[in-house]
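Read off the chains here:
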Amino acid sequence: MKTKSRCNPTRHIGTGMLRVDAADKVRGKTQYLNDRTYPGALHATVVRSPTARGILKSLTLDPAYDWKGVTVATAEDIPGENVMVMHDRSMPLMGAVGAELRYRGEPVAVVAAATAEKSMEAADHVRLDIEQRPALLTLAEAIALFKKSPKKLELLKTQNIEKGDIRRGFAEADEVLEAEYWAGHQEQLYLENQGLIVFPRKDGSIYVEGSIQCPYFPVNELNAALDLPPEKIRVKQTPIGGAFGGKEDYPSMLAGYAALPALKAKKPVKITYERHEDMLFTPKRHPVWVRFKTGFKKDGTLTAIECDYILDGGAYLTISDVVMYRGILHCALAYRCENVLIRGKVARTNSMPNGAFRGFGAPQAIWGLESHIDAIAEKVGKRPDAYRLQIHARPGDRTPTGQLLTEDNGSTHCLDLVLQRSDFAEKFKQASRGKLRKGQNKYYGIGLSFFAHGSAFTGDGEAKFKAKGRVELALLEDGRPGVNIRVSSTEMGQGVHTIFTQIAADGLSLTPERIRFPYADTGMAPNSGPTVASRTTMVVGNVVYRAAQDLRNQIEAFASRRYFKGAAARMRHSKLHAKGFRALPFLRVARDMREELGEVNGAFQFILPDTVQWDQSRFKGDSYPGYSWSANVAEVEIDPLTLELTVTRVFDVIDIGRVINPMTATGQVEGGLTQALGYAVMEKMGTGKNGLFDASRLQTYIVPTALDVPNYDVKFVEYPYPFAPPGAKGLGELPMDGLAPAIANAIETAIGVRLRSLPITPEDLFNAVIPPA
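Residues numbered from 1 in each chain as written. Predicted model: local features only at pLDDT ≥ 70, side-chain atom pairs only at ≥ 80, totals over all residues. Heavy atoms only, no water.

A count of helical and extended segments in the chain gives 21 helices and 29 strands. In terms of overall size, the chain behaves like a compact globule, its C-alpha atoms giving a radius of gyration of 27 Å where 773 residues would be expected to give roughly 28 Å. The principal-axis extent of the C-alpha atoms belonging to the chain is close to 80 × 80 × 50 Å. In the chain, which comprises 773 residues, the share counted as buried stands at 62%. Look at the contacts in the chain between residues 6 or more apart in sequence, and 80% of them connect residues 24 or more apart. A gap of 4 Å separates the mean positions of the 97 positive and 88 negative side-chain charges of the chain. (Helix = DSSP H or I, 4+ residues; strand = E, 2+ residues; numbered from the N terminus. Rg over C-alpha atoms; globule rule 2.2 N^0.38 Å. Buried < 20%, exposed > 50% of the residue type's maximum accessible area, 1.4 Å probe, protein only. Contact = heavy atoms within 4.5 Å. Lys, Arg positive; Asp, Glu negative; His and termini not counted. Charge placed at Lys NZ, Arg CZ, Asp CG, Glu CD.)

This is the structure:
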């Protein structure tokens, strides 16, 4: 049964309020980094390794070139340690002479000049002498090595999950099914390329502004390299033209590249990538190889789930460990099974380090799991919908790490409703299965997927961060009082400015027109944690709501003392009320309060409830504070002559707790589904023998357009997260997770052949229907 919200009735939460940034964006008034002018700034170009692996023997400047007005920074110019402090200390900020270069494109120098053209010209005159070494370029090569000799594969990180007794589970099984699943890189393809500018200051500090998803990351990741304490690195977000995880960790590196010539030349240095460079030399979604081995009874009861989950981390770990953690936590999350063994690994290859992308390891896990569940259903003679209704996880069950699923999980509701809305059982009978039925001129198929996504940081992450935020009284641009929201969460197209405005408006009982959310600035806003992990609305939204309530309480106490002779004051609809007194407008009370008291802030710090317990060393306990749930149904048509694939309709039922803004939430879902569509059937990116991606331009990297987007049917069910009013759970990543296997399952019902590698292209369909001789 649906859980009722514990929040008080509100005026703005739950409504489709128009985006607060919409007018400026559609009128072209929003100023992105490259819309701004920076007089006197130098422009930087990165000099990169031309080989995938080797020892840098020497780096010299062409003596025939005129270097006047050009600043060249190398590893020798790094003030501190040559290291990027991410999740380990293995990656240098810059390749150094005498050191090993581990991927094609690894930076070895930064050249800055008065124009971008001049810096690119000068970069061509930096001479490198590299002693080449054998390179391992792809995950396919890594897995071939792993299968032949597991100990020879270099691993950057490993982690297992164990539940029950896997041997007993297989001994109890009537049947065992084993299969492998693959998926390749995926490019975030944000509209605005990577870019930022670094200003050196007289006191030795730096100020950074740019298209940065997580402003506090450079503050803490560049200390060692720049030999600066956190308070001497200030970072401010400019408007971001999309990120999808691609601007999570990489801007720290970019800021380091720009900071070196800026400190050396004592001038601001701007660095922006054009599209080709951005696609070649920034992190992508991790390629994955997953092997599932499952045991089950004749009635379909799962007795054992064994899984190997290996990600291609690229040349350095960066954040691949936590991507792998989230991936393995989703490898068996959605189903009942008492015996589970999951082995997670991050393999090193000589390629650009992979990083964050919407879903963060979960889409790779769910792709394999949901394909495998369909295959088991076929083995036991059950429809995929009936089988999932039998074995899916629901409140009262325990996850592979031992976490108890509570009543605020809408798993069954999502599954029931998507099957009803899609008429799945009836349409499943109409699937072609490789033979055109009467009245069909195309193969028709329908597929299902069911999944959860952990909301907020994995394990004890939120306990470590303890997100902080403020809501402060301020004078707005019209000179009258209003409220500023001060958190480090960033607006990057997802609508956080709007939903935080709605949340603060209801926490204060104040009209949204008097609320502002300035762009994140580490010099002004406390650290509420990065804008990642489907945590922003759930965790930081709670911080904003509680801070707004704190400020409201202070305003009411001030009004009671100042105007109402101690009578209890209540703020409602932008006015202060007290029994027996005339209501006073917020504007007057706020003005008088600022004049008397000066700075006035409401504040809150998020702390997990005591009931959430996690043991990182054993990987046991409550792996996430809460879970969002979803079920997808996809319908496909395939032309029997050309094998052109069309996804015609997608149904998505979603539990994300309290829906703050149904309009922006629906937009988030449709955008995520469209990215998942590309992942499933279009976005193919391989690695050539030269170590470079073979699809690094928009001419060669194919993404969905408006003509490819199917008819979406999106429906929300609300099971609010009770600990953190207003009760939202994570949304941003969930729509990316399950559509690829739903489409693959639909393809199997259309042509009668299961494909186990993403993306599924017409060429793959051709080889499946007409195998090579």
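So that's the structure; there's more coming.
With respect to topology, three strands assemble into an open sheet ordered 4-2-6, the strand pairing being antiparallel. Of all strands in the sheet, those bounded by a partner on one side alone are strand 4 (100-101) and strand 6 (126-132). Two elements, strand 2 (residues 54-61) and strand 6, share seven bridges in a ladder whose sense is antiparallel. When the sheet's bridge partners are listed, Leu59 is paired in strand 6 with Leu128. (Pairing = 2+ DSSP bridges.)

Turning our eyes to something else, we now look at the side chain of Arg754. Following the sequence through the fold, Arg754 ends up in the loop between helix 20 (739-751) and strand 29 (757-758). A polar contact is formed between the side chain of Arg754 and the side chain of Asn745, at a distance of 2.8 Å. Setting aside anything within four residues of it in sequence, one finds Arg754 in contact with Ser371, Asp374, Ala375, Ala744, Asn745 and Glu748. (Polar contact = N/O pair within 3.5 Å; in protein donor to acceptor, adjacent residues only side chain to side chain.)

Looking now at the sheet that holds strand 29. Here six strands make up an open sheet; going across it, the order is 7-15-14-13-8-29 and the pairing mixed. The open sheet is flanked by strand 7 (155-163) and strand 29, the only strands paired with a single partner. With nine bridges connecting them, strand 8 (residues 175-183) and strand 13 (residues 288-296) associate as antiparallel partners. Within the sheet, the bridge partner assigned to Glu175 lies in strand 13 and is Phe296. This element, helix 10 (residues 362-379), spans strand 8, strand 13, strand 14 (302-314) and strand 29 of the sheet and lies at about 145 degrees to strand 8. (Axes fitted to C-alpha atoms, helices over the stretch in contact; angles between N-to-C directions.)

This brings us to the packing of aromatic side chains. We describe a pair of aromatic rings using the distance from one ring centre to the other and the angle between the two ring planes. Summed over all chains, the structure comprises 22 aromatic pairs. With a centroid separation of 6.1 Å and an interplanar angle of 85 degrees, the aromatic rings of Tyr181 and Trp367 are classed as edge-to-face. Of this pair, Tyr181 sits in strand 8 while Trp367 sits in helix 10, and the two are 186 residues apart along the sequence. As far as burial versus exposure is concerned, Tyr181 and Trp367 are alike and both buried. Between Phe500 and Phe517, the aromatic rings sit 5.6 Å apart at their centres with planes inclined by 25 degrees, giving stacked as the arrangement. Highlighted residues: Phe500 in helix 15 (residues 496-508) and Phe517 in the loop between strand 19 (515-516) and helix 16 (536-562), separated in sequence by 17 residues. A relative accessible area of 0% means that Phe500 is categorised as buried. Given a relative accessible area of 8%, Phe517 falls into the buried group. (Phe/Tyr/Trp six-rings, centres within 6.5 Å; stacked < 30°, edge-to-face > 60°.)

Turning to the nonpolar core, a few remarks are in order. Of all hydrophobic cores here, the largest spans 110 residues; its most connected members are Tyr309 and Ile743. The residues contacting Ile743, other than those within four sequence positions of it, are Ala634, Val636, Val647, Leu677, Ala680 and Val681. Counting residues in hydrophobic clusters, the runner-up holds 51 residues, among them Tyr216, Ala258, Ala262 and Tyr701. (Core = buried A, V, L, I, M, F, W, Y, C linked by side-chain atoms within 4.5 Å.)

Where nonpolar side chains cluster on the molecular surface, the patch consists of Phe766, Val769 and Ile770 and spans about 250 Å² of accessible area. Looking at where Ile770 falls in the secondary structure, it is placed in the segment after helix 21 (762-769). (Patch = residues over 30% accessible without salt bridge, like charges linked within 9 Å, V, L, I, M, F, W, Y side chains within 5 Å. Areas by Shrake-Rupley, 256 points an atom, 1.4 Å probe, with all protein chains shown as cover. Salt bridge = Lys/Arg side-chain N within 4 Å of Asp/Glu carboxyl O.)

A separate point is the confidence of the model for the chain. Across the chain, the average pLDDT comes to 96, with 99% of residues at 70 or higher. The model gives residues 1-9 a pLDDT under 50, and that stretch makes 15 contacts with residues more than four places away or in other chains. (pLDDT = per-residue confidence, 0-100.)

Summed over the entire model, instances satisfying the criterion amount to 45 salt bridges. The salt bridge involving Glu180 is made with Lys147; its shortest N-O contact spans 2.9 Å. Here the residue Glu180 occupies a position in strand 8, and Lys147 occupies one in helix 3 (residues 139-148), the gap between them amounting to 33 residues. Accessibility expressed as a relative area gives 26% for Glu180, which makes it partly exposed. On the basis of relative accessible area, Lys147 is assigned to the partly exposed category, the value being 45%. The partner of Asp615 in a salt bridge is Arg618, and the shortest N-O contact between them spans 3.7 Å. Taking relative accessible area as the criterion, Arg618 reaches 53% and is therefore assigned exposed. Through salt bridges that share partners, Arg19, Asp21, Lys25 and Glu491 make up one connected network.

Moving on: the packing of helix 15 against helix 16. Where helix 15 meets helix 16, the closest approach of the two axes is 8 Å, and the angle between their N-to-C directions is 35 degrees. Note that helix 15 runs across helix 16; the crossing there is right-handed. Here Val496, Ile499, Phe500, Ile503, Ala504, Asp506, Gly507 and Leu508 of helix 15 lie close against helix 16, whose contacting residues are Thr536, Thr537, Val540, Gly541, Val544, Tyr545, Ala548, Gln549, Leu551 and Arg552. Classifying every residue of the contact of helix 15 with helix 16 by side-chain character gives 11 nonpolar, five polar and two charged. (Left-handed = near helix turned anticlockwise from the far one by under 90°. Nonpolar A, V, L, I, M, F, W, Y, C, P; charged D, E, K, R; others polar.)

The next thing to look at is the pairing of strand 14. Of all 13 residues making up strand 14, 13 are buried, and the element is well covered by its neighbours. The antiparallel pairing of strand 13 with strand 14 creates a hairpin that spans five residues between the two strands, and Gly300 there sits at a positive phi of about 100 degrees. Both strand 14 and strand 15 (residues 340-348) contribute to a ladder of nine bridges, which runs parallel. By the bridge assignment for strand 15, Glu306 is matched with Leu341. Note on the crossover from strand 14 through helix 9 (residues 320-329) to strand 15: the handedness is right-handed. (Right-handed = clockwise from strand over helix to strand, strands pointing away.)

So, on to unusual backbone geometry. Between Pro725 and the following residue, Pro726, the backbone shows a cis peptide bond with an omega angle of 10 degrees. Along the chain, the position of Pro726 falls in the loop between strand 28 (711-717) and helix 19 (734-737). Residues Leu758 and Pro759 are joined by a peptide bond in cis, for which omega reads -5 degrees. Along the chain, the position of Pro759 falls in the loop between strand 29 and helix 21. The phi dihedral of Ala456 is positive, around 80 degrees, even though this residue is not glycine. Inspection of the secondary structure puts Ala456 in the loop between strand 16 (443-455) and helix 14 (461-465). Even without a glycine there, the phi angle at Ser574 is positive, about 70 degrees. Among the structural elements, Ser574 can be located in the loop between strand 20 (570-572) and strand 21 (575-577). Residue Ser574 is classed as buried on the basis of its relative accessible area, which comes to 15%.

For the rest of this paragraph, the subject is the environment of Gly566. Within the secondary structure, Gly566 sits in the loop between helix 16 and strand 20. Assessed through its relative accessible area of 55%, Gly566 is described here as exposed. Along the primary structure Gly566 and Trp67 are separated by 499 residues, whereas in three dimensions their C-alpha atoms are 74 Å apart.

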